[in-house]
Amino acid sequence: MAKIGIFVGTVYGNALAVAEEAQQVLEQQGHEVEVFEDATLEQWQVYLQQVVLVVTSTTGQGDLPDNIQPLYTELSDQLGYQPDLRYGLIALGDSSYDTFCGGGHTFDELLQEQGAKRFGELLLIDAAEVVEPEVFAQDWVEDWGTLL
Ligand SMILES: Cc1cc2nc3c(=O)[nH]c(=O)nc-3n(C[C@H](O)[C@H](O)[C@H](O)COP(=O)(O)O)c2cc1C
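We now turn to the structure provided with this report. (Residues numbered from 1 in each chain as written. Predicted model: local features only at pLDDT ≥ 70, side-chain atom pairs only at ≥ 80, totals over all residues. Heavy atoms only, no water.)

**Looking at unusual backbone geometry**
Condition: Helix and strand definitions here come from DSSP, where helices need a minimum of 4 consecutive H or I residues and strands a minimum of 2 consecutive E residues; each element is numbered from the N-terminal end. The cut-offs for exposure are 20% and 50% of the maximum accessible area for each residue type, with area from a 1.4 Å probe on protein chains only; residues under the lower value are buried, those over the upper are exposed, and the others partly exposed.
Phi at Asp38 takes a positive value of approximately 50 degrees, unusual for a residue other than glycine. Mapped onto the elements, Asp38 comes out in the loop between strand E2 (32–36) and helix H2 (41–45). Using a relative accessible area of 53% as the deciding quantity, one classes Asp38 as exposed. One non-glycine residue with positive phi stands out, namely Cys101, at about 55 degrees. One can find Cys101 in the loop between strand E4 (86–93) and helix H4 (102–113). Accessibility expressed as a relative area gives 1% for Cys101, which makes it buried.

Here it is in structure tokens:
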């Protein structure tokens, strides 16, 4: 079983609801899970040999929410390379924006550049179609949890 940190980027709480649902699903599978909002680089570094799940929405025009942007900047400026990290990514957005799920894609690109290993495809959740994102995410999270 894995030790998993779920790192959340949210403005209105939808991504947090997805993260908390994911925590329940993964804990039922026997994983050890903690959810972080306003995460620091130190909290992220605990997982460098473990597993993270990034759950982030997009704000502005393809931007990361303010509560996860500082972590992104620290990872980008200070970490460089994290080849032992395994991760998954859930991106929330709205397809009426040109920059659909831009925040999630930006985070994914950084982790790819830094050598982290992604498990599973990105899950994109479109607010234009999905009313209950935490329910929509359940099956993906169950499958992802079994890949670890
Ligand atoms: C001001 C504002 C800007 C947004 N910009 C984008 C965007 O650029 N791309 C996108 O895919 N979604 C965008 N969205 C949609 C949100 O990402 C989507 O509603 C998401 O479910 C919000 O999740 P949250 O409550 O965790 O922040 C925007 C929403 C708002 C209110």
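**Overview of helix H6 (residues 138–147)**
Put simply, the test is: Within this analysis, the arc is defined by the directions that extend from the helix axis to the C-beta atoms. Any pair of residues with heavy atoms lying within 4.5 Å of one another is described as a contacting pair.
Regarding H6, the residues found buried are Trp140, Val141, Trp144 and Gly145. Take H6 and look down its axis: the buried residues cluster within an arc of 130 degrees, on one side only. Opposite the packed face of H6, turned more than 90 degrees from it, sit the exposed residues Asp139, Asp143 and Thr146. Those residues of H6 that are buried lie in contact with strand E1 (3–9), helix H1 (14–28), strand E3 (51–56), E4 and strand E6 (123–126).

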